[in-house]
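A structural walkthrough
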Amino acid sequence: MASDCQGKSSWPELLGAQARVAVVTIETQNPYVDTQVVLEGTPVTKDFSCTRVRVWIDQNRIVTRVPVIG
């Protein structure tokens, strides 16, 4: 499904980065998406959205999963 979305769809280079760096990078590289910073363990909906990238972080605000459109 991500292949139907506009712009870059995955940011493996941000794994281990600070949350604020990840958000700025994602929104700069793909202006069609909005980011959602989510603490690991937080329940989220399972629906797919071409305009959303969830940035999963730990309690130190470090990215714990590769950010992808969804």
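Quick look at the overall build of the chain now. Looking only at helices and strands, the chain features one helix and two strands. Helices (α) and strands (β) of the chain occur, in sequence order from the N terminus, as α-β-β. Taken over the C-alpha trace, the chain has a radius of gyration of 11 Å; the compact-globule value for 70 residues is 11 Å, and the two agree within 12%. For the chain, the spread of C-alpha atoms along the three principal axes comes to 35 × 25 × 15 Å. Restricting to contacts in the chain with at least 6 residues of sequence separation, those with at least 24 account for 39%. Counting only carbon and sulfur atoms, one obtains 53% of the accessible surface of the chain, whose full area is about 4,300 Å².

Take a nonpolar patch on the surface next. Taken together, the side chains of L15, V66 and V68 make up a nonpolar region of the molecular surface, amounting to roughly 220 Å² of accessible area. Secondary-structure assignment places L15 in the segment before α1 (19–29). Residue classification places L15 among the partly exposed positions, given a relative accessible area of 46%.

Opposite charge on two side chains makes pairing possible when the charged atoms of those side chains draw close. A complete count under the given rule lists three salt bridges for this structure. The shortest N-O distance in the salt bridge between E13 and K8 comes to 2.8 Å. In this structure E13 comes out as partly exposed when scored by relative accessible area, which is 44%. Residue classification places K8 among the partly exposed positions, given a relative accessible area of 30%. Here D47 and R52 are joined by a salt bridge, their closest N and O atoms 3.6 Å apart.

It is worth spelling out the side chain of R52 at this point. Relative to the assigned elements, R52 resides in strand β2 (residues 52–57). Separated by 2.4 Å, the side chain of R52 and the backbone oxygen of G70 make a polar contact. Contact partners of R52, with chain neighbours within four places excluded, come to V33, D34, Q36, T45, D47, V68, I69 and G70.

The geometry of two aromatic rings is summed up by the distance between their centres and the angle between their planes. Across all of its chains, the model carries zero aromatic pairs by this definition. One residue, R65, lies across the ring of W56, its end atom 3.9 Å from the ring centre.

This next bit is on the nonpolar core. Nonpolar side chains in soluble globular proteins generally cluster together in the buried interior. One finds W11, L14, I26, V53, V55 and I69 to be the most contacted residues of the largest nonpolar core, which totals 13 residues. Those elements giving two or more residues to this core turn out to be α1 and β2. With sequence-adjacent residues up to four places away left out, L14 is seen in contact with A22, T25, I26, V63 and P67.

Thresholds applied
- Going along each chain's sequence as written, the residues are numbered from 1 onward.
- Restriction of local features to residues with pLDDT of at least 70 applies here, the model being predicted, together with a cutoff of 80 or more for giving and counting side-chain atom pairs; totals for whole chains, interfaces and linings are based on all residues.
- To get the side-chain values, all heavy atoms of the structure are used, and hydrogens and water are removed first.
- Secondary structure is summarised from DSSP: a helix means a run of H or I of at least four residues, a strand means a run of E of at least two, and numbering begins at the N terminus for each.
- Computation of the radius of gyration draws on C-alpha atoms, with the globule rule given as 2.2 Å multiplied by the number of residues to the power 0.38.
- What makes two residues a contact is simply this: any of their non-hydrogen atoms within 4.5 Å.
- Only the protein chains shown count as covering a residue, and every accessible area follows the Shrake-Rupley method with a 1.4 Å probe.
- Residues enter a patch when their relative accessible area is above 30% and they make no salt bridge; the linking distance is 9 Å between like charges and 5 Å between nonpolar side chains (Val, Leu, Ile, Met, Phe, Trp, Tyr).
- A carboxyl oxygen of Asp or Glu within 4 Å of a side-chain nitrogen of Lys or Arg is what we treat as a salt bridge.
- Note on classification: 1.4 Å probe, protein chains only; a residue is buried when its accessible area is under 20% of the maximum for its type, exposed when over 50%, partly exposed between these limits.
- N or O atoms closer than or at 3.5 Å make up a polar contact, with two conditions inside protein: a donor-capable atom paired with an acceptor-capable one, and, for residues adjacent in sequence, both atoms drawn from side chains.
- Side-chain rings of Phe, Tyr and Trp, where Trp is taken by its six-membered ring, are said to pair if the distance between their centres is within 6.5 Å; with planes under 30 degrees apart they count as stacked, over 60 as edge-to-face, and otherwise as tilted.
- Only when the NZ of Lys or the CZ of Arg is both within 6 Å of the ring centre and within 35 degrees of the ring normal is a charge said to sit over the ring.
- Remark: nonpolar core denotes a set of buried residues (Ala, Val, Leu, Ile, Met, Phe, Trp, Tyr, Cys) joined through side-chain atoms within 4.5 Å.

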